[in-house]
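Breakdown of the fold
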Amino acid sequence: MTIATQPATSDALPSSLVQPLLANAVAGGAPAVEVFAPVTGAKIADLPQSSTQDIETAFETARHAQREWARRPVRERAAVLRRFHDIVLAEQNIILDIVQTETGKSRVHAFDEVADVATNARHYAAVAGRLLTTRRPRGALPGLTRVDVRHRPKGVVAVISPWNYPLALAVSDALPALVAGNAVVARPDNQTAFTALWAIDAAVRAGLPRGLWQAVLGRGSVIGGEVIARADYVDYTGSSATGRIIAQQAGERLIGCSLELGGKNPLLVLADADVSRAAEIAIRACFASAGQLCESMERIYVHDSVYDRFVTEFIEHVENIKLGGGLNFDNDMGSLTSRRQLDTVVAHVDDAVAKGATVLAGGRARPDLGPYFYEPTVLTGVRPGMTLYREETFGPVVSIYRAHSDEDAIEQANDTAYGLNASVWTKDTRNGRAVAARINAGSVNINEGFLAAWGSADAPVGGLGISGTGRRHGPEGLLKYIDTQTIAVQRVRPIVPLPGMSEETWAKTMTLLLGLMNTLRQK
Ligand code: NAD
């Protein structure tokens with residue numbers, strides 16, 4: 001196997017870059033933790049941690065700033081997002097360095113995050129005014145009852161984000177919350193804190209009032225409860241196991257939460273697929289961020305008639321993936337982000353192989369490139385009873401299965417408790433849409449892996465089953481951060497019997513009226 005490689009060269013970030021960013025975090029009350037670059041092992045920082053008092057201060061400051069921010073016209077808030085969009089694109093080299101250094105991913109995968117944030121900033125700046133306009137629905141008595149449905153921001157939204165897509169997941173969910181008039185308290189993962197701190201810095205330079213977007217630092221299991229205890233809404237991205245804890249804590253307080261959780265996503269290659277294109281794009285769908293992408297594909301179902309061709313072409317592409325570190329666009333795939341991720345990948349692959357699976361490509365850690373590198377890996381012969389048959393690996397590992405028909409492929413694809421994303425390959429996109437509609441997933445991409453649905457910022461994405469409950473993107477991605485308030489004005493007289501009318505006559509009159517409205521099919 002001939003995966004081209006390049007030795008790790010990315011150093012830690014210069015302290016002249018990271019130290020000033022720490023001013024954007026409310027932290028220092030708890031002992032600092034050391035954070036290291038996954039590719040080189042170089043220390044990034046002694047990262048200060050937030051105490052309960054720090055968290056309290058962050059929420060107080062955010063709450064104070066939110067009152068004034070919510071009174072600003074939506075167009076002013078949207079203008080901040082537009083300027084932020086421009087800064088992210090203009091300063092992408094800095095943020096790409098930070099994302100790569102903190103996560104170990106390749107630059108091309110880090111760029112996906114820049115594009116995602118720019119897309120969401122532009123989109124929500126454009127649609128916020130329309131989404132937040134007060135609505136005038138029909139009243140109880142047409143002409144006599146005026147109803148206004150107003151949108152009120154929740155207040156202070158907690159955005160608890162993981163380490164795998166630290167820019168996209170910390171920022172793209174915060175932007176709609178902010179433009180809707182909320183404040184945000186971010187709890188980025190310790191491993192990728194500087195990405196979020198840079199984004200807050202950039203937003204302040206774009207005109208966001210200082211204090212409106214706060215950051216607290218700490219392990220989720222240590223400070224998560226303290227954050228949720230003070231929030232008006234929680235936006236959480238991470239594993240399904242942690243999602244259950246967040247849901248319980250939010251439920252206890254009767255606040256809403258949006259949970260974007262794990263996936264075990266299927267890619268279906270139907271009999272009439274453009275096999276070469278499918279094999280080429282499946283590479284990106286399976287190995288973006290070394291498979292540490294919630295949307296990425298871990299299962300491929302290929303129709304018998306094209307199975308051999310697909311497998312041959314797919315493996316050819318896999319073997320040409322250039323693996324390595326470096327703060328440049330020279331490599332296709334980078335490192336895993338942590339020892340924990342590497343251990344999971346090794347355990348899943350070793351377990352499958354020990355139980356009879358076949359490795360068609362990869363299957364090895366690459367300590368010669370950096371401590372957490374693992375080759376893009378393709379398995380066949382994966383069966384129930386092997387850990388990775390059902391469990392999310394969240395690494396560069398994909399299993400290929402045969403499918404005898406569309407029906408068979410759909411059935412196998414749905415044999416999971418997850419339901420985040422799916423991909424269907426076919427030249428008959430009409431049939432593709434019909435197949436897609438039968439797959440239990442919050443998004444299905446036809447002739448794409450994940451970017452068609454994910455990149456369509458006006459359409460919601462999110463999970464079914466244990467993949468989550470909330471939605472990001474689309475109107476849902478903003479409206480989850482507001483409460484509606486209905487204000488009804490009754491004109492002329494209240495809704496009671498006319499003077500001298502008995503309650504019984506009133507009931508009969510109303511019955512006639514209700515019947516008439518149904519006959520006329522009035523809402
Ligand atoms: P994890 O649940 O262990 O950790 C994720 C984040 O949650 C971390 O930052 C962690 O600090 C925090 N956390 C842990 N316990 C917490 C608690 N009690 N309160 C608050 N925060 C807490 O998951 P992981 O394995 O590190 O991350 C990968 C998982 O995230 C995968 O399952 C992946 O599919 C999922 N994910 C989902 C999406 C999505 O959009 N659906 C996106 C990215 C990642």
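Just so it is clear, the model here is predicted, and its values are computed rather than measured. (Residues numbered from 1 in each chain as written. Predicted model: local features only at pLDDT ≥ 70, side-chain atom pairs only at ≥ 80, totals over all residues. Heavy atoms only, no water.)

**A short note on the nonpolar core**
Phe84, Val171, Phe194 and Trp213 are the most contacted members of the largest nonpolar core, which totals 86 residues. Not counting residues up to four positions away in its chain, the partners in contact with Phe194 are Val18, Leu21, Leu22, Ile44, Ala45, Leu47, Ile98 and Glu102. Formed by 60 residues, the second largest nonpolar core is a distinct cluster that contains Val39, Leu270, Ala290 and Val306. (Core = buried A, V, L, I, M, F, W, Y, C linked by side-chain atoms within 4.5 Å. Buried < 20%, exposed > 50% of the residue type's maximum accessible area, 1.4 Å probe, protein only. Contact = heavy atoms within 4.5 Å.)

**Focus on the sheet that holds strand β14 (residues 377-380)**
Read from one edge to the other, the open sheet built from seven strands follows the order β13-β14-β15-β11-β10-β16-β17, with strand pairing classed as mixed. Each edge of the open sheet is held by one strand with a lone partner, namely β13 (358-361) and β17 (443-446). Each strand of the sheet is rotated relative to its neighbour by a mean of 25°, with strand direction disregarded. With three bridges joining them, β13 and β14 adopt antiparallel strand pairing. Looking across to β14, one finds that Thr358 is bridged to Thr380. (Pairing = 2+ DSSP bridges. Helix = DSSP H or I, 4+ residues; strand = E, 2+ residues; numbered from the N terminus. Axes fitted to C-alpha atoms, helices over the stretch in contact; angles between N-to-C directions.)

**Comments concerning helix α4 (residues 92-103)**
Taking 1.5 Å per residue as the helical rise, α4 with its 12 residues ought to reach 16 Å, and the 16 Å between its terminal C-alpha atoms agrees with that figure. Taken residue by residue, α4 has Ile95, Leu96, Ile98, Val99, Gln100, Thr101, Glu102 and Thr103 as its buried positions. Check the buried side of α4 and you find it contacts α1 (15-21), β3 (43-49), α5 (107-131), α6 (166-171) and α8 (193-205). Where α4 terminates, the next one or two residues include Gly104, which has phi positive at roughly 85°. (Expected span 1.5 Å × (residues − 1).)

**Quick look at the side chain of Gln100**
Structurally, Gln100 can be placed in helix α4. Here the side chain of Gln100 touches Lys105 through a polar contact of 3.1 Å, landing on its backbone oxygen. In this structure Gln100 touches Lys105, Ser106, Arg107, Ala110, Gly326, Leu327 and Asn328, once residues within four positions along its chain are discounted. (Polar contact = N/O pair within 3.5 Å; in protein donor to acceptor, adjacent residues only side chain to side chain.)

Everything listed here is a matter of geometry and, on its own, says nothing about what the molecule does.
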